[in-house]
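One letter stands for each residue in the lines below.
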Amino acid sequence: MSFLTSLILLKRRPLGSQQDRRSIRVGIPKFLNVWGTHQFWVGFFKALGVGKIIFSSDTSEEQYRTYGKGRITMDSCYPVKALAGHMGELLYKDINLLFVPMIYSLPSFLRGHVVDTLSCTRVMMSVENIRAGFTRERDEFSQRGISLVSPFVPFGEPELLPKYLWESLKEVIPGLTLEETAKAVEEGFRALSDFEKRMREKSLEIIKWCAKNQRPALLVLARPYHMDPGIGHEIDAEFQPYGYPVLWYNYLPLDDWLLDWLFGKEIRAGIIKSPFDISDVWTSSYSSNTNEIIWGAKFSARLPWITGVIRLSSYECGMDQPTFTPVQKIVESSGTLYFKFGELDETKPAGSIKIRVETIVYYLEKYSKDIIEKKLKRLGPIPKELLT
Ligand code: SF4
């Protein structure tokens, strides 16, 4: 045990002995669907008055080798395996509460327009899978004076959240009541919604810039955790030096006037019921991320300045397999270029990604002008809001 580790252990006190909420230091692994909900957790724990919230670092090979090696108890896709490194890293931080939510469903903007907004089952069970790796020989959490809390989190049914969160946290947060938990949940949703609003406004700014300058942009279709540099390999960033702005499907603008421009004709023709209806192309709409990927594909097929789509998918992702063909068809049927980086994992050589990026840029340069013109012809006049 290093000198630093010994100091951290000396400073820790078990949570049960504390009365002061400020002494609670929460560690949250930055993994899987925490990527789409982190602002909820920041708002929630701030409202409860905890002293500190510490997220783990971005996923990296070094993080896994140092903290997660030997902790995986069953085979899975790489994003799930990476959780071992995140949890292991947090054991060496100055925390006394390790909070790893078991996210069952997500707070998607498509809720009400789709069958359900569930997480991938591997996402939900990842916590139990990796927890076993840290307890099978000895309990690494209690050895370090850390309480591990992993509540069931049905974001899709927000009225149930206070109950599940209170039941899991009441033993480790002194004096916590159900009413207080319910108020903190409201704060969490407020923080998440403010953050998403800012992100969607940024995307709209980019689209306006493209419209005014008749410049192309790229859209990434992936899972939210492909924003993690260690999971998505920063492929999106490779395009920016070439002058291509990159939008992410999960933060596209949802302004009424824009969606009416893109989807209005189909709604009036009775093909879809609303701009968020994906039943014309995807009937099995249970998975939240999958639904949003499909919707993002429809958006990209209509918005003139998205001339290329980058699809990312992790090694051994069973959820993505059935979506590859429909997504490609939706995108390409509009003339938009489609490029897939599949089976991403730690062994993907950076050199081959660079060569593919250069090839994609070649096609974007060659075809973007025509794609923009053709897509503009299919829509009515450009809304004035896009040109202001
Ligand atoms: S959606 Fe795919 S990559 Fe994500 S946890 Fe599920 S199987 Fe793994």
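Residues numbered from 1 in each chain as written. Predicted model: local features only at pLDDT ≥ 70, side-chain atom pairs only at ≥ 80, totals over all residues. Heavy atoms only, no water.

### Quick word on the packing of aromatic side chains
So, point 1. Following the criterion strictly, the structure yields 23 aromatic pairs and no others.
So, point 2. Note on Phe263 and Trp295: the rings are 6.2 Å apart at their centroids and 25° apart in plane angle, and the pair reads as stacked. With Phe263 in helix 11 (residues 256-268) and Trp295 in helix 12 (residues 288-302), this residue pair connects regions lying 32 residues apart in the sequence.
So, point 3. A relative accessible area of 0% places Trp295 in the buried class.
So, point 4. An aromatic cluster is defined as three or more aromatic residues linked by ring pairs; in this entry it consists of Phe40, Trp41, Phe44, Phe45, Phe99, Phe155 and Phe189.
So, point 5. Above the ring of Tyr164, the side-chain terminus of Lys163 is found at 4.7 Å from the ring centroid.
So, point 6. Against the face of Phe324 rests Lys340, its NZ or CZ located 4.0 Å from the ring centre. (Phe/Tyr/Trp six-rings, centres within 6.5 Å; stacked < 30°, edge-to-face > 60°. Helix = DSSP H or I, 4+ residues; strand = E, 2+ residues; numbered from the N terminus. Buried < 20%, exposed > 50% of the residue type's maximum accessible area, 1.4 Å probe, protein only. Lys NZ or Arg CZ within 6 Å of the ring centre and 35° of its normal.)

### Notes on the packing of helix 2 (residues 34-48) against helix 8 (residues 161-169)
So, point 1. Look at helix 2 against helix 8: their axes get within 14 Å of each other, and the N-to-C directions meet at 60°. Note that helix 2 runs across helix 8; the crossing there is right-handed. Every residue of helix 8 that contacts helix 2 at Phe40, Trp41, Phe44 and Phe45 is listed here: Leu161, Leu165 and Leu169.
So, point 2. Looking at the contact of helix 2 with helix 8 residue by residue, the class counts come to 7 nonpolar, no polar and no charged. (Axes fitted to C-alpha atoms, helices over the stretch in contact; angles between N-to-C directions. Left-handed = near helix turned anticlockwise from the far one by under 90°. Contact = heavy atoms within 4.5 Å. Nonpolar A, V, L, I, M, F, W, Y, C, P; charged D, E, K, R; others polar.)

### Describing helix 13 (residues 324-332)
So, point 1. Of all the positions in helix 13, only Phe324, Val327, Ile330 and Val331 are classed as buried. Looking straight down helix 13, one finds that the buried residues subtend no more than 140° of arc, so they occupy a single side.
So, point 2. Packing partners of the buried residues in helix 13 comprise strand 7 (217-221), helix 12, strand 9 (306-314) and strand 10 (337-344). (Arc of directions from axis to C-beta.)

### Describing the nonpolar core
The tendency in soluble globular proteins is for nonpolar side chains to be buried side by side.
So, point 1. In this structure, Phe239, Trp295, Phe299 and Trp305 are the most contacted members of the largest nonpolar core, which totals 60 residues.
So, point 2. The element that contributes the greatest number of residues to this core is helix 14 (residues 350-378), accounting for 8 residues.
So, point 3. Residues lining this core come from more than one domain, with at least three contributed by each of domain 1 (3-193) and domain 2 (215-387).
So, point 4. Those residues in contact with Trp305, other than ones at most four positions away along the chain, are Ile207, Cys210, Ala211, Gln214, Arg215, Pro216, Ala217, Trp261, Ile372, Leu376, Ile382 and Leu386.
So, point 5. In terms of nonpolar packing, the next biggest core, distinct from the first, is built from 54 residues, Leu83, Phe99, Val149 and Val153 among them. (Core = buried A, V, L, I, M, F, W, Y, C linked by side-chain atoms within 4.5 Å. Domains from an automatic or database assignment.)

### Side note on the site of the ligand
So, point 1. Lining the immediate environment of the ligand, one finds Cys77, Pro79, Val80, Cys120, Arg122, Val123, Arg223, Tyr225, Cys317, Gly318 and Met319.
So, point 2. The set of elements that each furnish at least two residues to the shell around the ligand consists of helix 4 (78-81) and helix 6 (121-135).
So, point 3. Classifying every residue of the shell around the ligand gives 8 nonpolar, 1 polar and 2 charged.
So, point 4. No fewer than three residues from each of domain 1 (3-193) and domain 2 (215-387) sit in the shell around the ligand. (Near = heavy atom within 4 Å.)

### What to know about the sheet that holds strand 3 (residues 97-99)
So, point 1. Sheet architecture is open: 4 strands sit in the order 2-1-3-5, paired in parallel fashion. Pairing within the sheet leaves two strands with one partner each, and these edge strands are strand 2 (52-55) and strand 5 (147-149). Averaged over all pairs of adjacent strands, the angle between strand axes in this sheet comes to 25°, irrespective of strand direction.
So, point 2. In this fold helix 5 (residues 83-91) packs onto strand 1 (25-28), strand 2, strand 3 and strand 5, with an angle of close to 165° to the strand it touches most, strand 3. (Pairing = 2+ DSSP bridges.)

### So, the side chain of Asn96
So, point 1. If you trace the backbone, Asn96 turns up in the loop between helix 5 and strand 3.
So, point 2. Since its relative accessible area comes to 0%, Asn96 is described here as buried.

### Details of a nonpolar patch on the surface
So, point 1. Together, Tyr362, Tyr363 and Tyr367 give the surface a local cluster of nonpolar side chains, amounting to about 300 Å² of exposed area.
So, point 2. In this fold, Tyr362 is placed in helix 14. (Patch = residues over 30% accessible without salt bridge, like charges linked within 9 Å, V, L, I, M, F, W, Y side chains within 5 Å. Areas by Shrake-Rupley, 256 points an atom, 1.4 Å probe, with all protein chains shown as cover. Salt bridge = Lys/Arg side-chain N within 4 Å of Asp/Glu carboxyl O.)

None of this, on its own, says anything about what the molecule does.
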